[in-house]
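Structural characterization, general
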Amino acid sequence: MGFGAIVIGDEIMRGKRQDKHFAKLVELLAARDLRLDWCEYLGDDRARLTATLARTFATDDIVFSFGGIGATPDDHTRQCAAAALGVPLELHPEAEAEIRGRFGAETNAQRLKMGEFPRGAAIVPNLYNRIPGFSFGRHYFVPGFPVMAWPMIEWVLDTHYAHLFHKEPEADASIMVYGAAESTLTPLMEAIEARYAGIKVFSLPSIGEDGKRRHIELGVRGVPANVAPAMAEIESALTGMSIEWMRPAAGER
């Protein structure tokens, strides 16, 4: 089981809007010692979206889908989810109650379409304007508007997955390495991963952007108790190899 995200919309794919959901979802998960495993971006293409959802529904991943759940012609997520599941869309009674509560006498057939979800779905409450999202299994479908989507995601996490919080806390540390190629560092990286359980070693090369020297950010992440000794061994090994390294100043990582 992992956590995944699907961000939907031609406006994202064509650059008319910049996605903000990826970074926020990473933040919301990290605050609970959870991690995002994958993310896919899709335009408003019914065939591609249906095929993607059919594939992800077949996994045991917890998936957050952003966008396309309205009732305008360019919103296809509800229909594609139903097609991927092989079930019809139908007006969800709780969604209908929320929509009628929001619009009162101004409720009409077009607005009620926003409460048509795949048969068997549950609602995801929307405290911003009472027009809910929906869930099916471990998939959660929310609007593209951050002001609505992000509180809905938090509600899902805190309501359904609190038992997963802080089960696998993670720490990380890194240094800046100068004048060395990644190929030179690879044997050391492999040795550290083999020696320290629950530790992954990473290298992030830079060609010297923003006036900084060309360098590699070399670090470890994983089980907190093993981060410091693994990092200390890396530093000692680099010193022994006469490779220049430096701990980053605050805010540089």
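A brief report on the enclosed structure follows. Only a predicted model underlies this, so the values are computations on that prediction, with no experimental measurement involved.

The next point concerns the environment of K24. For K24, the position within the fold is in helix α2 (residues 21-30). Measuring from C-alpha to C-alpha, the distance between K24 and I153 comes to 10 Å, with 129 residues separating the pair along the chain. A distance of 3.0 Å separates a polar atom in the side chain of K24 from a polar atom in the side chain of E27.

Within the structure shown, the criterion is met by seven aromatic pairs. The interplanar angle of 80° and the centroid separation of 6.5 Å between the aromatic rings of F3 and Y161 together place this pair among those described as edge-to-face. Here the residue F3 occupies a position in strand β1 (residues 3-8), and Y161 occupies one in the loop between α7 (146-160) and β9 (171-178), the gap between them amounting to 158 residues. Centre to centre, the rings of F57 and F141 are 6.3 Å apart; their planes meet at 45°, and the pair counts as tilted. You can see F57 sitting in helix α3 (residues 46-57) and its partner F141 sitting in strand β8 (residues 139-142), a full 84 residues away along the chain. Overall, the relative accessible area of 0% leaves F141 in the buried class. Every member of this aromatic cluster is reached through a ring pair, and the members are F57, F117, F134, F136 and F141. One cation-aromatic arrangement involves R102 over F103; the distance from NZ or CZ to the ring centre is 4.7 Å. When the ring centre of Y178 is taken as origin, the NZ or CZ atom of R213, which lies over that ring, is 4.1 Å away.

So, on to the pairing of β9. Consecutive side chains along a regular strand alternate between the two faces of the sheet. Inspection of the sheet shows β9 paired to strand β11 (residues 215-222) by seven bridges, in the antiparallel sense. Across the sheet, I175 pairs through a bridge with L218, a residue of β11. Examined bridge by bridge, β9 and strand β12 (residues 244-246) share three bridges and lie antiparallel to one another. Bridge pairing in β12 links V177 to W245.

Look at helix α8 (residues 182-195): 20 Å from first C-alpha to last across 14 residues, which is about the 20 Å you get at 1.5 Å a residue. Among all positions in α8, only L185, L188, M189 and I192 are buried.

Moving on, we get to the side chain of S174. Within the fold, S174 resides in strand β9. Looking at S174, its side chain comes within polar contact range of the side chain of E217, at 2.7 Å.

Ordered in space as β2-β1-β3-β8-β7-β6, the six strands form an open sheet in which the pairing is mixed. Two strands lie at the open edges of the sheet, namely β2 (38-42) and β6 (122-124), each paired on one side alone. This sheet shows a mean twist of 20° between the axes of neighbouring strands, independent of strand direction. Bridge analysis of β6 against strand β7 (residues 133-136) gives three bridges, and the strand direction is antiparallel. Among the inter-strand pairings, I123 is bridged to a residue of β7, identified as F134. Contacts between α3 and the sheet are confined to β1, β2, β7 and β8, with β2 contributing the most and set at about 160° to the helix.

Here is what the cut-offs are and how they apply
- Residues numbered from 1 in each chain as written.
- Predicted model: local features only at pLDDT ≥ 70, side-chain atom pairs only at ≥ 80, totals over all residues.
- Heavy atoms only, no water.
- Helix = DSSP H or I, 4+ residues; strand = E, 2+ residues; numbered from the N terminus.
- Polar contact = N/O pair within 3.5 Å; in protein donor to acceptor, adjacent residues only side chain to side chain.
- Phe/Tyr/Trp six-rings, centres within 6.5 Å; stacked < 30°, edge-to-face > 60°.
- Buried < 20%, exposed > 50% of the residue type's maximum accessible area, 1.4 Å probe, protein only.
- Lys NZ or Arg CZ within 6 Å of the ring centre and 35° of its normal.
- Pairing = 2+ DSSP bridges.
- Expected span 1.5 Å × (residues − 1).
- Axes fitted to C-alpha atoms, helices over the stretch in contact; angles between N-to-C directions.
- Contact = heavy atoms within 4.5 Å.

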